[in-house]
Amino acid sequence: MNKVRATAPAKVNLIFEVGQLEPTGYHSVNSLFLALDLREEVSISVGLQGTGITIYVKGEDLPARHIAAVPTDESNLVVKAVRLLSKKLGIETPDIQIDILKRIPVAGGMAGGSADAAATLVAFNEYANKNLGTAKLTLEELLEAGSELGSDIPFCILGKIAVGTDRGNQLSAIPELSFTTHWVLAISQQGLSTPTVFAKFDELGQSSEFRDLVELRNSIGTIEDLAGCLGNDLQASAVELMPQLSTLIQNIESLGALRAIVSGSGPTIAALCSSKEQAETIAETLNGQGIFALTASSPALGANLEG
Ligand code: C5P
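The structure reproduced in this document is the subject of the present report. (Residues numbered from 1 in each chain as written. Predicted model: local features only at pLDDT ≥ 70, side-chain atom pairs only at ≥ 80, totals over all residues. Heavy atoms only, no water.)

Once that is clear, we can look at the overall build of the protein chain. If you tally the helices and strands in the protein chain, you get 11 helices and 12 strands. For the protein chain, the C-alpha radius of gyration of 19 Å lies close to 19 Å, the compact-globule estimate for 307 residues. Across the 307 residues that make up the protein chain, the buried fraction comes to 54%. Sequence separation of at least 24 residues holds for 77% of the intrachain contacts in the protein chain that already meet a minimum separation of 6. Surface exposure of the protein chain reaches about 12,900 Å², of which carbon and sulfur atoms provide 49%. Taking the 21 positively charged and 35 negatively charged side chains of the protein chain as two groups, their mean positions are separated by 6 Å. (Helix = DSSP H or I, 4+ residues; strand = E, 2+ residues; numbered from the N terminus. Rg over C-alpha atoms; globule rule 2.2 N^0.38 Å. Buried < 20%, exposed > 50% of the residue type's maximum accessible area, 1.4 Å probe, protein only. Contact = heavy atoms within 4.5 Å. Areas by Shrake-Rupley, 256 points an atom, 1.4 Å probe, with all protein chains shown as cover. Lys, Arg positive; Asp, Glu negative; His and termini not counted. Charge placed at Lys NZ, Arg CZ, Asp CG, Glu CD.)

In the vicinity of the ligand, the contacting residues are Gly25, Tyr26, His27, Val29, Gly150, Ser151, Arg167, Thr194, Pro195 and Phe198. One of the side-chain N or O atoms of Ser151 is found 2.6 Å from an oxygen atom in the ligand. In isolation the ligand exposes 460 Å². Once the protein is present, 74% of that is buried. Elements represented by at least two residues in the shell around the ligand include exactly strand 2 (27-46) and helix 6 (194-204). Of the residues forming the shell around the ligand, the biggest block, 3 residues, is contributed by helix 6. Among the residues making up the shell around the ligand, the classes are represented as 4 nonpolar, 5 polar and 1 charged. (Near = heavy atom within 4 Å. Polar contact = N/O pair within 3.5 Å; in protein donor to acceptor, adjacent residues only side chain to side chain. Nonpolar A, V, L, I, M, F, W, Y, C, P; charged D, E, K, R; others polar.)

Within the secondary structure, Val12 is located in strand 1 (residues 4-21). With 19 residues separating them in the primary sequence, Val12 and Ser31 have C-alpha atoms 9.8 Å apart.

Before going further, it helps to spend a moment on the nonpolar core. Counting 72 residues, the largest nonpolar core has Leu14, Ile98, Phe124, Trp183, Leu185 and Leu226 as the members making the most contacts within it. For this core, the element with the most residues is helix 3 (residues 112-132), which contributes 10 residues. When residues no more than four places from it in sequence are discounted, the contact partners of Leu226 are Leu14, Leu177, Phe179, Thr181, Ile220 and Leu272. Counting residues in each nonpolar core, the second largest holds 28 residues, with Phe16, Val197, Leu234 and Leu248 among its members. (Core = buried A, V, L, I, M, F, W, Y, C linked by side-chain atoms within 4.5 Å.)

Glancing now at helix 6. Of all the residues in helix 6, the buried ones are Val197, Phe198, Lys200 and Phe201. Down the axis of helix 6, the sector holding all buried residues measures 155°, keeping them to one side. Pointing more than 90 degrees away from the buried face of helix 6 are the exposed residues Pro195 and Glu203. In the segment just after helix 6, Gly205 is the residue with positive phi, at about 60°. (Arc of directions from axis to C-beta.)

Per the counting criterion, the structure on display carries 0 disulfides. For Cys273, which is in no disulfide, the shortest distance to another cysteine sulfur is to Cys229 and amounts to 16 Å. (Disulfide = S-S within 2.5 Å.)

What follows deals with the sheet that holds strand 9 (residues 259-262). One open sheet holds the 4 strands; their spatial order is 9-10-7-11, and the pairing between them is antiparallel. Single-partner strands in this sheet number two, and they are strand 9 and strand 11 (292-298). Adjacent strand axes in the sheet meet at a mean angle of 25° when their direction is disregarded. For strand 7 (residues 181-187) and strand 10 (residues 269-273), the ladder comprises 5 bridges, and the chain directions are antiparallel. By the bridge assignment, His182 is partnered in strand 10 with Cys273. Taken strand by strand, helix 10 (residues 244-254) contacts strand 7, strand 9 and strand 10, and its axis lies near 160° from that of strand 9. The sheet contacts of helix 11 (residues 276-288) involve strand 7, strand 10 and strand 11, and relative to strand 7 the element is tilted by about 10°. (Pairing = 2+ DSSP bridges. Axes fitted to C-alpha atoms, helices over the stretch in contact; angles between N-to-C directions.)

Written as structure tokens, this is what we have:
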């Protein structure tokens, strides 16, 4: 039996416009997603007979609490991804071992769990084809499967840059930025739950008019243009729930970052920097202040198989 490994990227929402809470329980959103080269890694190998799906989680450059927070039971999205794909492929869920290497902060608004699910969908599609003789699902079918599991999963499959509408799961690929972007990611001690941040958003009653993000993307020619249009409708809600985020944003901008914003539902602060060196220097300064910080850059590919 062949072992299969895949990776998938973290995301930042360069622009995150949030509309009404729909009867589905989700908010309509209008998002400009960017993938970052901070990647989760998932390996699937044969498991002991009769043991079902066994999960092992390790971390790289992440505080231990991020790893401890990851469930290893049925509630983990990777298990749901394997069960859904098995159903679509018309097979019984096989006995497999899934090893997850986490690099994306947990509950940080950077789609770490979604990246695990995206990598799992790609890896299991290959694993089942190689070892169990199933047909391979197409990219479209994988995007659809991802969409059934979570709003950010299709983007973690697609990567690069895209506009996301509906729940954020309906994607339109758009031309990549003409420059590399470098980011500092400042990670808070505690996570924020996505539904809690959306509920706070409803309480504050601040839904916005959606702009044409394809047109907006086309107006971005330089890093300064990009810095000028970064925005997140969930930022006020995240700051309301964690007021210290406001000081953190000011702190990072005072260190020279072009712009710092809450990433997705937070609480990670994503700060756009003018160079790799600047991003590294700011991250070092933050780490010296006791604030855990990483660096990452774009462009980054979507979920893909690793040799
Ligand atoms: O799709 P996902 O499982 O990531 O969403 C987690 C939760 O975040 C949803 O149950 C919902 O409460 C909230 N959400 C939302 N609107 C979206 C995406 C997520 O209200 N567009």
